[in-house]
Amino acid sequence: MDPRSIGAMSRRTFLIGASTVTLVASLRARADASEIRLAAAPAKASLLGSNRPQTGVWAYNGEIPGPALRLRQGEPARIVVENRLAEETTVHWHGVRVPNAMDGVPGLTQPPIKPGESFAYEFTPPDAGTFWYHSHADSLVQLGRGLSGAIIVKEREPVAVDRDLLWLVSDWRLTEDGEIAAGFGGMMDAGMSGRVGNVVTVNGAVAMEAPVRAGERIRLRLVNAALARIMALRFDGHSPVVVSLDGQPCEPHAPEGGRVLLGPAMRADLVLDMHGDPGRRYDVIDDFYDGLSYRLARFAYGEKPSSRDHASDAPLVLPRNPLPEPDLATAERHDLALQGGMMGGGALAGMGGMKGGMNGMMGGMMGGMGMMGGARNAAVWAINGQSMTGDGAAEMKPSLTFGRGRSVVLTLRNQTAWWHPMHLHGHSFRVLTRNGAATPHRQWRDTVLMAPKDVVEIAFVADNPGDWMLHCHVMDHQMTGLMTVLRVS
């Protein structure tokens, strides 16, 4: 089986609807010089278009996606999160190098926010770039119901573009009547590709059209906020240049094979010179999954060209962020093997782990949950034979401990038949090699996408003290064991 195959899913059920979203409840984030307020609560959204039934979602300030938070590099931020849900929640500031107590992992870094209560997150973002925020409690369900939004940390000096656009891409599994489908934590999702949906939205809109003008230069910030969907984006008629990955500037370059590859939780900043013909439309196509390509969005050119606000030869290099460079000569080195899943043939051990390849996997998954039950809290995946399930807990013990300021090289070995976007909290890392070949373009990331059987080397300086999660951001995989904790003491 091709790991990119979603299974017996028709083209009709893969994508539903083709019009923009209309939100009935739209409460703007109230912000002043010192404080932003976010309320997590049930809401309604027209995910299938204005002429179709609305969908019951969970949203920040009633918006899908949540309000884009615009912060400034090196300036303190205070974000008060109020929980109006009927269950506990937290918020994780994905990719922002926050203090450990602000990381939003329930039990591990903070007590969860109980219904009716609030929590104030306070941190100073050290890096400029594109980040995002999302729930980290009951995260498969809460993120799958809509609790996410973008963070833009502005550079101290403006970047030479005419416009700055943000596209946050979400993925939904909806029924024909527009409701979010039941079955979170299903066995097949957990052991295979995760919960890939049948509706994809950009900023809450299906098949969105972005108005542009010929001659302008655009910075496009892409955020993949899906539970499991991997995307490979083609920009018909255009030549995007990648200038930043996961919020960290890289050497400007054309995407490999002409497609921008984004796993769940990953971001890419592109610069596009809009040289299309006035009045024409150009598609942005996602064709990662074999035989299931679709139009994600479309650039719609106006009839009049733009008058440029910058020189056409303005440099594309973004200013670097203050990341410490790891010393590879003295770094301590560790291997982490990703194991488990259906068809993986890997053994699981510890915390309810299973042994014996696929037969053992199926038996272990069936045991204790019934033939039709879900896989939530079952150990389906492991790292070095140990499974940590759920969202986070106080009793999670670190698998590795590093002295503060130590340079570290981790070799990640994907011994499974499935793709995994591996995310490290609290740090950004250099991607050194993939399958023995040096990684080009000086890539710093917080999430690295690993194909089946990939071996990837990453390096970082362990300079942020605390207990930090390292986990797969396919949320079904995280919840069922593909997670560990690294301690910086």
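## Overview of the overall build of the protein
Okay, so step 1: Broken down by element type, the protein carries five helices and 34 strands.
Okay, so step 2: Looking at the protein as a whole, 61% of its 489 residues are labelled buried.
Okay, so step 3: Counting every atom, the protein has about 18100 Å² of accessible surface; 52% of that belongs to carbon and sulfur.

## Observations regarding unusual backbone geometry
Okay, so step 1: The amide bond that connects I64 to the next residue, P65, takes the cis arrangement and shows omega of -10°.
Okay, so step 2: Relative to the helices and strands, P65 is located in the loop between β2 (55-60) and β3 (66-72).
Okay, so step 3: Positioned with a positive phi, D138 is a non-glycine residue whose angle comes to about 45°.
Okay, so step 4: In this structure, D138 sits in the loop between β7 (129-135) and α2 (139-144).
Okay, so step 5: Positive phi outside glycine occurs at H441, with the angle close to 70°.
Okay, so step 6: With respect to the helices, strands and loops of the structure, H441 is situated in the loop between β28 (437-438) and β29 (444-445).
Okay, so step 7: Judged by its relative accessible area of 25%, H441 falls in the partly exposed class.

## Some points on the pattern of salt bridges
Here the idea is simple: oppositely charged side chains can pair when their charged atoms come close.
Okay, so step 1: Tallied over the full model, the rule gives 32 salt bridges.
Okay, so step 2: A salt bridge links D246 to R267, with the nearest nitrogen and oxygen atoms 3.6 Å apart. Of this pair, D246 sits in the loop between β15 (241-245) and β16 (248-253) while R267 sits in strand β18 (residues 267-273), placing them 21 residues apart in sequence.
Okay, so step 3: Given a relative accessible area of 0%, D246 falls into the buried group.
Okay, so step 4: Of the residues examined, R267 reaches a relative accessible area of 0% and is grouped as buried.
Okay, so step 5: What emerges from the salt-bridge pattern is a single network uniting K154, E155, D164, R219, R221 and D269.

## Here we look at the nonpolar core
The nonpolar side chains of soluble globular proteins are, as a tendency, buried together.
Okay, so step 1: By size, the foremost hydrophobic cluster in this structure holds 77 residues, and its most contacted members are W167, L220, F235, F299, L410 and M422.
Okay, so step 2: The element best represented in this core is strand β20 (residues 294-301), accounting for five residues.
Okay, so step 3: Sequence-distant contacts of L220, defined by excluding residues within four places in its chain, comprise L165, W167, F235, A268, D269, L270, L272 and F299.
Okay, so step 4: Grouped together as the second largest cluster of nonpolar side chains are 52 residues, A40, W132, L166 and F184 included.

## Some thoughts on the pairing of strand β21 (residues 332-340)
For a regular strand, side chains alternate in direction, first toward one face of the sheet and then toward the other.
Okay, so step 1: In this sheet, strand β25 (residues 406-414) lies alongside β21 in parallel orientation, the contact comprising seven bridges. Residue A337 lies in a different strand from β25, and its bridge partner there is R413.
Okay, so step 2: In this structure, β21 lies alongside strand β22 (residues 381-383), joined through three bridges in antiparallel fashion. Each bridged residue has a counterpart across the sheet, and for Q339 the counterpart in β22 is A382.

## Description of the environment of R37
Okay, so step 1: Within the secondary structure, R37 is located in strand β1 (residues 36-45).
Okay, so step 2: Along the chain, R37 and I79 lie 42 residues apart, while their C-alpha atoms are 5.7 Å from each other.
Okay, so step 3: Among the polar contacts listed, one links the side chain of R37 to the side chain of E35, at a separation of 3.1 Å.

## Some words on the sheet that holds strand β34 (residues 483-488)
Okay, so step 1: Read across the sheet, five strands follow the order β24-β34-β32-β26-β30 without closing on themselves; strand pairing throughout is mixed. On the outer flanks of this sheet lie β24 (400-402) and β30 (447-450), each paired with one strand and no other. Along the sheet, successive strands turn relative to each other by an average axial angle of 20°, direction set aside.
Okay, so step 2: Bridge count for strand β26 (residues 420-424) against β30 is four bridges, and the pairing is antiparallel. Each residue of the ladder has a partner; that of M422, found in β30, is V448.

## Brief notes about the sheet that holds β18
Okay, so step 1: In space, the seven strands of this open sheet follow the order β11-β10-β9-β13-β18-β15-β16, with mixed pairing throughout. Each edge of the open sheet is held by one strand with a lone partner, namely β11 (205-206) and β16.
Okay, so step 2: Where strand β9 (residues 163-172) meets strand β13 (residues 217-224), seven bridges bridge the pair, whose relative direction is parallel. The partner of R163 across the bridge, within β13, is I218.

## Considerations on empty space enclosed by the protein
Okay, so step 1: The final tally for this structure, using the stated rule, is seven cavities of 30 Å³ or more.
Okay, so step 2: If you add up the space inside the second largest cavity, you get close to 60 Å³.
Okay, so step 3: Along the walls of the second largest cavity sit L143, G144, G146, S148, S170, D171, W172, A225 and L227, which together make up its complete lining.
Okay, so step 4: Mapped by element, the contributors of at least two residues to the lining of the second largest cavity are α2 and β9.
Okay, so step 5: Per-element accounting of the lining of the second largest cavity gives the leading share, three residues, to β9.

## Comments concerning the packing of aromatic side chains
Okay, so step 1: Counted according to the given criterion, the structure contains eleven aromatic pairs.
Okay, so step 2: Centre to centre, the rings of F288 and Y289 are 5.0 Å apart; their planes meet at 90°, and the pair counts as edge-to-face.
Okay, so step 3: Its relative accessible area of 2% is what places F288 among the buried residues.
Okay, so step 4: These aromatic residues form a ring-pair network of at least three members: Y60, W93, F119, Y121, F123 and Y133.
Okay, so step 5: For R145, the ring lying beneath its charged end belongs to W58, and the centroid distance is 5.4 Å.
Okay, so step 6: Note that R195 overlies the ring of F184, its terminal NZ or CZ placed 3.7 Å from the centroid.

## Some thoughts on the layout of surface pockets
Regions of empty space are outlined by a rolling probe, equal in size to a water molecule, passed over the atoms.
Okay, so step 1: Volume-wise, the largest pocket comes out at about 710 Å³.
Okay, so step 2: In terms of lining residues, the largest pocket is bounded by 29 residues, among which E256, L261, R434, Q443 and R445 are the most central.
Okay, so step 3: Among the elements of the structure, β15, β17 (260-262), β18, β27 (429-434), β28 and β30 are those that each provide at least two residues to the lining of the largest pocket.
Okay, so step 4: Broken down by element, the residue count for the lining of the largest pocket peaks at three residues, all from β17.
Okay, so step 5: Looking at the lining of the largest pocket, its residues break down into 19 nonpolar, four polar and six charged.

The rules behind the values
- Residues numbered from 1 in each chain as written.
- Predicted model: local features only at pLDDT ≥ 70, side-chain atom pairs only at ≥ 80, totals over all residues.
- Heavy atoms only, no water.
- Helix = DSSP H or I, 4+ residues; strand = E, 2+ residues; numbered from the N terminus.
- Buried < 20%, exposed > 50% of the residue type's maximum accessible area, 1.4 Å probe, protein only.
- Areas by Shrake-Rupley, 256 points an atom, 1.4 Å probe, with all protein chains shown as cover.
- Salt bridge = Lys/Arg side-chain N within 4 Å of Asp/Glu carboxyl O.
- Core = buried A, V, L, I, M, F, W, Y, C linked by side-chain atoms within 4.5 Å.
- Contact = heavy atoms within 4.5 Å.
- Pairing = 2+ DSSP bridges.
- Polar contact = N/O pair within 3.5 Å; in protein donor to acceptor, adjacent residues only side chain to side chain.
- Axes fitted to C-alpha atoms, helices over the stretch in contact; angles between N-to-C directions.
- 1 Å grid on protein atoms, 1.4 Å probe; cavity = no way out; pocket = protein on both sides within 12 Å on 5 of 7 lines; lining within 4 Å.
- Points joined across faces, edges and corners; volume = space filled by probe spheres on them.
- Phe/Tyr/Trp six-rings, centres within 6.5 Å; stacked < 30°, edge-to-face > 60°.
- Lys NZ or Arg CZ within 6 Å of the ring centre and 35° of its normal.
- Nonpolar A, V, L, I, M, F, W, Y, C, P; charged D, E, K, R; others polar.

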